[in-house]
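Single-letter residue listing:
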Number of protein chains: 2
Amino acid sequence: MAVGLTRPDKLLPIQGIRLSAGCANLYNSQRNDLALIEISVGSACAAVFTTNSFSAAPVRIARDHLVKATPRYCLINAGNANAGTGKQGIIDCISSCQALAEQTGSTVQEVLPFSTGVIGKDLPVNNICNKLPVLFNSLSDEGWLNVAEAIMTTDTLPKGISRTVEIDNKTVTVTGIAKGSGMIRPDMATMLAFIATDAVISRKALQDILSYSVNRSFNRICVDGDTSTNDACLLIATGASNTPAIASGDDKNAAIIRNAIADVCLKLAQAIVRDGEGASKFITVDVCGGASEDECLQVAYVIAESPLVKTAFYASDPNWGRILAAVGRAGLKNLDIDGITIFLDEVCIVENGGRASSYSEYLGQEIMRRDEITVRIQLARGMSGATIWTCDLSNEYVRINAEYRN
Amino acid sequence: MAVGLTRPDKLLPIQGIRLSAGCANLYNSQRNDLALIEISVGSACAAVFTTNSFSAAPVRIARDHLVKATPRYCLINAGNANAGTGKQGIIDCISSCQALAEQTGSTVQEVLPFSTGVIGKDLPVNNICNKLPVLFNSLSDEGWLNVAEAIMTTDTLPKGISRTVEIDNKTVTVTGIAKGSGMIRPDMATMLAFIATDAVISRKALQDILSYSVNRSFNRICVDGDTSTNDACLLIATGASNTPAIASGDDKNAAIIRNAIADVCLKLAQAIVRDGEGASKFITVDVCGGASEDECLQVAYVIAESPLVKTAFYASDPNWGRILAAVGRAGLKNLDIDGITIFLDEVCIVENGGRASSYSEYLGQEIMRRDEITVRIQLARGMSGATIWTCDLSNEYVRINAEYRN
């Protein structure tokens, strides 16, 4: 039911990155569920992880390894989150990293682990380790799409995109892949994303670019308001393009590459929403005229997370009263409701504290039939704004999540 | 699909209160949708209303009237919320109050209006006014259940309860009715509640008792996390029992009557959850060992509002990882996950940061098959606690809210 999403076109290789995927039998069905990413020596890496206190074993280990070494390999599995698994989860995670280190001749700290899937089941370490030789021997710079497919859980489509930009007349490429479709909300969601570029970027600048990009993409989406234990987003700069080094945001070419990376992140984040569990509509919530970005986000998320608003979109029902009620309960102090204007796409639905005089059910119905709709709230309290993306709430969402483990 | 809820037994009359209900054709189907409550002279009244900034016209008018006069009549309609209706909504609301004032020989400020139903449609004032003579002439102290039925919207059952307590060897009665089943969350929900007692209570003490009771009942429930524009809860003390007056919480009999009123509020609030839209399970979320009541409520609501947790309950799936993930993302600072214990009824599911060693899928499955389940979180951070009540999220919820206006 993905909205306006298709299989990625050919994903462009990034010199210095090789990838492979295979089946480690982590699902009952035969499907690829294990992936390997090799990162060339001399690359810089930046990462952001879930803010969930119950972060999964691989998140804790990856955080630790990133401090101690520059990563050479990512080991990623779907089908098992290795979360809520206590001390055994940590042991299992390190064991699989150790096996890959031995296979590849790297140190255990040079391996970053990532897991996604059901919480609370022990990681089948042997299944994973047994598959490592095959994966290692099939590494290829053409492996992006294979990996995008291997890391899917409830995703209906693989997610990936490439961008090229010119820096000093040389082409620089950014390619990213992601998975995620449920348990999605700000501060990272049940999502994994791996983005690489052949630009030359220092680790410090890379982390700044990643924070900038994530705050405008993965941290601005919402499917169901849940934040996972396993979210992670990794950004790699291999430097293989030999373009001038970017060491800070002030550097001449910093904005070019930052915007390219931010765009890749945004498209991946939107792809996650478009493939949201049970989604039949892609909704942009755009709040402007706020006293601060925070209060705009507050209003936007109340709308995006309201089951009543989401079911109205699902039903193509212009029940704009639910949007109005959601704005009203967002907790903004001294909100002057007479100043608020609400639009569905180009149609004004609320002004002067009630239904807009120009509004008609017919106009609302026309908008609601669309697959992609923007809700725009003008708060008339200031100059700040925020935009987030979400989807509707359908019977299919409930079915997927009620039957997930069966 | 109401869980453990049946039609109320006979509701006990309260001397000084007369009620009636009828059909004003606010729905397409023939059903009672208009109700009248008469309050005897000399009664005290207390009320709490929605915190939604887009409060409906009747909420604004009722607040205003309560300041200016002691109410003699409540005029309640279902089928139309008169919210999001701007200035016209205010005019319509006052018109209907004025008509009732003329019918009953009271002042317009002595009439409190209440509405519930679809947001954003003009109130059919003539339908309401035309019905007032019939309603006025059929007032009866036996009308409680009729009114409980007339104010229903998506409710599947009327909600009401009576309690009697002894004060100085005299029987004092408390009877309450409520409606509400969707758009339910703290700080009042799409719910109306009318509670009356024949005890003698000052207005000040009555407001204290109402705040106390609402904070342990209507403000502790959650169906879908939405807060309505129309919520209101009215508490009336007619004084007809001629028992000693209660002027403050320190008075000898204050605790007796306060507990009876709080119990009526709690049972009505739980009835709303039991009749939650599409509910198939009644879930108690009990968080203890917190550093403050606020942080316990924070954790409790994240669990109660998580679509993933709610769909797992619907599926009777002991996917306890979703509960663990919800606790982890509740935003508590310095949360020591190793200290947290989580129980489903009597079965420990999480301890030491992961699945409890004594837990088995079989034990979890046994609990999840039950209609009524308690999730108990022990945070091990302090001595505070909080309990809230919620229900599961089913296909039926989506169906009801997608088709609500059709």
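About the cut-offs
Residues numbered from 1 in each chain as written. Chains lettered and ligands numbered in written order. Predicted model: local features only at pLDDT ≥ 70, side-chain atom pairs only at ≥ 80, totals over all residues. Helix = DSSP H or I, 4+ residues; strand = E, 2+ residues; numbered from the N terminus. Rg over C-alpha atoms; globule rule 2.2 N^0.38 Å. Buried ≥ 20, exposed ≤ 12 C-beta atoms within 10 Å, placed from the backbone. Contact = placed C-beta atoms within 7 Å. Nonpolar A, V, L, I, M, F, W, Y, C, P; charged D, E, K, R; others polar. Pairing = 2+ DSSP bridges. Axes fitted to C-alpha atoms, helices over the stretch in contact; angles between N-to-C directions. Domains from an automatic or database assignment. Parallel < 35°, antiparallel > 145°, perpendicular 65-115°, else oblique. pLDDT = per-residue confidence, 0-100. Least-squares fit on C-alpha atoms with pLDDT ≥ 70 in both. Expected span 1.5 Å × (residues − 1). Left-handed = near helix turned anticlockwise from the far one by under 90°.

1. Observations regarding the overall build of chain A
Consideration 1: The helix and strand inventory of chain A stands at 11 helices and 16 strands.
Consideration 2: Taking 406 residues into account, the globule formula puts the C-alpha radius of gyration at 22 Å, and chain A, at 22 Å, falls close to it.
Consideration 3: With respect to the principal axes defined by its C-alpha atoms, chain A has extents near 70 × 55 × 35 Å.
Consideration 4: Residue burial in chain A is summarised as follows: out of 406 residues, 60% are buried.
Consideration 5: Of the contacts made within chain A by residues no fewer than 6 positions apart, 80% connect residues no fewer than 24 positions apart.

2. Quick word on the interface of chain B and chain A
Consideration 1: Taken together, the contacts link 50 residues of chain B with 50 residues of chain A.
Consideration 2: At the level of secondary structure, the elements contributing two or more residues to the side of chain B that touches chain A comprise helix 2 (86-104), helix 8 (307-314), helix 9 (321-328), strand 14 (354-355) and helix 11 (395-402) of chain B.
Consideration 3: Split by residue class, the side of chain B that touches chain A holds 19 nonpolar, 22 polar and 9 charged.

3. Quick look at the sheet that holds strand 3 (residues 44-49) of chain A
Within a beta sheet, neighbouring strands are joined by backbone hydrogen bonds and run either parallel or antiparallel to one another.
All names here are of chain A.
Consideration 1: The strand order across the open sheet built from 5 strands is 3-10-8-7-6, with neighbouring strands paired in mixed fashion. A strand with exactly one partner marks an edge of an open sheet, and here the two such strands are strand 3 and strand 6 (159-167). Averaged over all pairs of adjacent strands, the angle between strand axes in this sheet comes to 10 degrees, irrespective of strand direction.
Consideration 2: By the bridge criterion, 6 bridges tie strand 8 (residues 192-197) to strand 10 (residues 232-237) in an arrangement that is parallel. Each residue of the ladder has a partner; that of Leu192, found in strand 10, is Ala232.
Consideration 3: Relative to the sheet, helix 1 (residues 57-68) contacts strand 3 and strand 10, its axis offset from that of strand 3 by approximately 145 degrees.
Consideration 4: On top of the sheet, helix 5 (residues 203-214) reaches strand 3 and strand 10; it is set at about 35 degrees to strand 3, its chief contact.

4. A closer look at the domain arrangement of chain A
All names here are of chain A.
Consideration 1: In terms of domain boundaries, chain A breaks down into domain 1 (17-274) and domain 2 (282-402).
Consideration 2: Between domain 1 and domain 2, the C-alpha centre-to-centre distance is 33 Å.
Consideration 3: The interface of domain 1 with domain 2 comprises 10 residues on the first partner and 11 residues on the second.
Consideration 4: Grouping the amino acids of the side of domain 1 that touches domain 2 by side-chain chemistry returns 4 nonpolar, 4 polar and 2 charged.

5. As for the packing of helix 11 (residues 395-402) of chain A against helix 11 of chain B
Consideration 1: Contact geometry for helix 11 of chain A and helix 11 of chain B: axes closest at 8 Å, N-to-C directions at 175 degrees. Relative to helix 11 of chain B, helix 11 of chain A is oriented roughly antiparallel. Seen from helix 11 of chain A, the contacting residues are Asn395(A), Val398(A) and Arg399(A); seen from helix 11 of chain B, they are Asn395(B), Val398(B) and Arg399(B).
Consideration 2: Of the residues contributing to the contact of helix 11 of chain A with helix 11 of chain B, the split by class is 2 nonpolar, 2 polar and 2 charged.

6. Side note on the confidence of the model for chain A
Residues and elements named next belong to chain A.
Consideration 1: For chain A, per-residue confidence averages 90 on the pLDDT scale, and 95% of positions sit at 70 or higher.
Consideration 2: Every residue in residues 184-189 is under pLDDT 50, and counting partners more than four places away or in other chains gives 34 contacts.
Consideration 3: This complex was scored by the predictor with a pTM of 0.82 and an ipTM of 0.71.

7. Some thoughts on the relation of the copies chain B and chain A
Consideration 1: Mapping chain B onto chain A calls for a rotation angle of 180 degrees and an axial translation of 0.0 Å; the resulting RMSD is 0.0 Å. Here the copies are linked by what is in effect a two-fold axis. If distances are taken from each C-alpha of chain B to the rotation axis, the shortest is found for Asn395(B), at 2.6 Å.
Consideration 2: Comparing interface residues between copies, 100% of those in chain B also lie at the interface in chain A; the contact surface is shared.

8. A closer look at the pairing of strand 11 (residues 282-290) of chain B
Residues and elements named next belong to chain B.
Consideration 1: The pairing of strand 11 with strand 15 (residues 372-378) spans 7 bridges and is classified as parallel. Note on strand 15: the bridge partner recorded for Cys288 is Gln378.
Consideration 2: Of the pairings in the sheet, the one linking strand 11 to strand 16 (residues 384-391) comprises 8 bridges and is antiparallel in character. The partner of Val285 across the bridge, within strand 16, is Ile388.

9. Some words on helix 7 (residues 293-305) of chain B
Each α-helix turn comprises 3.6 residues. Residues three or four places apart therefore point the same way.
All names here are of chain B.
Consideration 1: The end-to-end C-alpha separation of helix 7 is 18 Å, in line with the 18 Å expected for 13 residues at 1.5 Å each.
Consideration 2: Among the 13 residues that make up helix 7, 10 are buried, leaving the element largely enclosed by the rest of the structure.
Consideration 3: Listing the buried residues of helix 7 in full gives Glu295, Cys296, Leu297, Val299, Ala300, Tyr301, Val302, Ile303, Ala304 and Glu305.
Consideration 4: Of the surrounding elements, those touching the buried residues of helix 7 are strand 9 (221-222), strand 11, helix 8, helix 9, strand 15 and strand 16.

10. Regarding the packing of helix 5 of chain A against helix 6 (residues 254-274) of chain A
All names here are of chain A.
Consideration 1: Viewed as axis vectors pointing N to C, helix 5 and helix 6 meet at an angle of 45 degrees, and their least axial separation amounts to 9 Å. As the angle between them shows, helix 5 and helix 6 are arranged oblique. The interaxial crossing formed by helix 5 with helix 6 has right-handed handedness. Here Ala205, Ile209, Tyr212, Ser213 and Val214 of helix 5 come into contact with helix 6, specifically with Ala254, Arg258, Ile261, Ala262 and Cys265.
Consideration 2: Among the residues forming the contact of helix 5 with helix 6, the class breakdown is 8 nonpolar, 1 polar and 1 charged.

11. Describing the pairing of strand 12 (residues 341-344) of chain B
Residue and element names in this part refer to chain B.
Consideration 1: Burial along strand 12 is one-sided: Ile342 and Leu344 are buried, while Thr341 and Phe343, pointing the other way, are not.
Consideration 2: Alignment of strand 12 against strand 15, held across 4 bridges, turns out to be antiparallel. Residue pairing across strands places Thr341 opposite Gln378, the latter belonging to strand 15.
Consideration 3: Once strand 12 ends, the chain turns through 2 residues before running back antiparallel as strand 13 (residues 347-351), passing Asp345 with a positive phi of about 45 degrees.

12. Describing the sheet that holds strand 1 (residues 17-22) of chain B
All names here are of chain B.
Consideration 1: Here we have 4 strands laid out as an open sheet, ordered 1-2-4-5, and mixed in their pairing. In this open sheet, the two edge strands, each paired with only one partner strand, are strand 1 and strand 5 (111-116). Sheet twist, expressed as the mean angle between neighbouring strand axes with direction ignored, is 15 degrees.
Consideration 2: Pairing of strand 1 with strand 2 (residues 34-39) involves 6 bridges; the strand directions are antiparallel. Residue pairing in the sheet places Arg18 in a bridge with Glu38 of strand 2.
Consideration 3: Each of strand 1, strand 2 and strand 4 (73-78) is contacted by helix 3 (residues 125-137), which is oriented at about 50 degrees to strand 2, the strand it contacts most.

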